[in-house]
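Working through the structure, step by step
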Amino acid sequence: MTVLVFGSINMDLVIRTPRIPAPGETIIGHEFFTAGGGKGANQAVAAARLAAPTKMIGRVGGDSFGVDMIRLLAESNVDVDSIFVDENVATGVAIIAVDDAAQNNIIIASGANSRVDQTDLDRLKQHLPHAKILLLQLEIPLDMIVAAAQLARQHNVTVILDPAPTQPLPAEFYPLIDIITPNEIEAGQLCNSVIKTKEDAFGAAQQLLGRGVRQAIIKMGAAGMVYASQEKADFIPAFQVTAVDTVAAGDSFNGGLATALFEGLPLPEAIRWGAAAGALSATKSGAQPSMAYRPEFDAFLKANA
Ligand code: ADP
């Protein structure tokens, strides 16, 4: 059995800079580095490093970033055999400027991610009979994501949607989602509300259940998580860590959540695993470089039991 990820693959091009330049201005930054990114690839790396057998389905372009991304994913033990190399387009990139106050500016050029189509769905379909969980996000075309959820439902595969970056979702999508995992801003956008307190989050979770999702988890950074199903609603505190960079904490959460569910743990414990993976990634900088491997993860859970 496997965890499948159907989603985006980006190369992050990061410049650390004293400050974000004004329009038309050129400034000298501190340093440049590249790192694997894209919400789909991030979630795949998070799950695979925690030792879930993880397969990525998506597209890269016919450039050197595509080669690099496939290598990086494979190095984290993600099965890359179903990633399609679309020779006629660029690999997705995110150009990220991070200033000394840790504020960032990000521009994404979706490239190959925006061309995910029926042929990718066909590859997904081949693997669904052997899958337990499907991780989805919103960085590839929405009609493909909804179709993937439909196929997963037919195969009794658990669908986990991270609705990021948020966009309005069609009403028929919600009943296909087993677990939705917005952060508080995304939940607010989906529910037309502002979420500041736990009570606000419980309200949003109930609204999402009302639209047909089976379980809703609202991630509120260091403030913890609210979850709700038809039977139960509860709050789970975050782990206490010294955060240096919360980039991809949400993706790490979903990787940890999926790994725990893959191993058969009940939802509250799986949320704790997600929170541990998110907290650990917040202690290091970068998206994929910040994600924990299983020994470090197990030690963290044990130390914080
Ligand atoms: P997103 O990246 O989607 O905005 P969050 O920032 O809420 O998501 O992070 C996801 C999860 O990671 C949180 O629910 C929490 O469990 C954990 N996490 C994130 N930031 C911190 C932090 N500063 N301290 C402890 N845990 C954190």
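In what follows, the accompanying structure is described. Note that this is a predicted model, so its numbers are computed, not measured. Numbering of residues starts from 1 in every chain and runs along the sequence as written. In keeping with the predicted nature of the model, local features appear solely for residues at pLDDT of at least 70, side-chain atom pairs appear and are counted solely at 80 or more, and the whole-chain, interface and lining totals rest on all residues. As a convention, hydrogens and water are excluded, and side-chain values are obtained from all of the structure's heavy atoms.

Some remarks on the pattern of salt bridges
When the charged atoms of two side chains with opposite charge come close together, those side chains can pair. For salt bridges, the criterion is a side-chain nitrogen of Lys or Arg within 4 Å of an Asp or Glu carboxyl oxygen. Evaluation of the coordinates by the stated rule reveals 18 salt bridges. Arg71 is paired through a salt bridge with Glu75; the nearest N and O atoms lie 3.2 Å apart. Of this pair, Arg71 and Glu75 are both found in helix 2 (residues 64-75), 4 residues apart, which corresponds to roughly one turn of the helix. The residue Asp298 makes a salt bridge to Arg294 at a minimum N-O spacing of 3.0 Å. Of this pair, Asp298 and Arg294 both sit in helix 9 (residues 294-303), 4 residues apart, which is roughly one turn of that helix. Secondary structure elements follow DSSP: runs of H or I no shorter than four residues count as helices, runs of E no shorter than two count as strands, and numbering proceeds from the N terminus.

As for the pairing of strand 4 (residues 54-61)
Most of strand 4 sits out of view: 8 of its 8 residues are buried. Three labels apply to residues, based on accessible area from a 1.4 Å probe with only protein chains included: buried if under 20% of the type maximum, exposed if over 50%, partly exposed otherwise in between. Burial along strand 4 is two-sided: Thr54, Met56, Gly58 and Val60 facing one way and Lys55, Ile57, Arg59 and Gly61 facing the other are all buried. At least two bridges found by DSSP between two strands is the condition for calling them paired. Relative to strand 4, strand 1 (residues 2-6) runs parallel, the two sharing 4 bridges. Counterpart to Val5 in the pairing with strand 4 is Met56. Taken together, the 4 bridges between strand 4 and strand 5 (residues 83-86) define a ladder with parallel strand orientation. Directly across from Gly61, in strand 5, lies its bridge partner Asp86.

Regarding the site of the ligand
Nearness is defined per residue: one heavy atom within 4 Å of the molecule or strand is enough. Contacts to the ligand come from 17 residues, most closely from Asn183, Gly221, Phe239, Gly250 and Gly278. Pairs of N or O atoms are called polar contacts if they sit within 3.5 Å, as long as, within protein, a hydrogen donor faces a hydrogen acceptor (for residues adjacent in sequence, only side-chain-to-side-chain pairs). At a separation of 2.9 Å, an oxygen atom of the ligand approaches a polar side-chain atom of Asn183. Interatomic distance of 2.7 Å between a backbone N/O atom of Gly221 and an oxygen atom of the ligand. The Shrake-Rupley method, run with a 1.4 Å probe, gives the accessible areas here. Residue values count only the displayed protein chains as cover. Protein contact buries 87% of the 540 Å² of open area that the ligand shows by itself. At the level of secondary structure, the elements contributing two or more residues to the shell around the ligand comprise helix 7 (249-262) and helix 8 (267-282).

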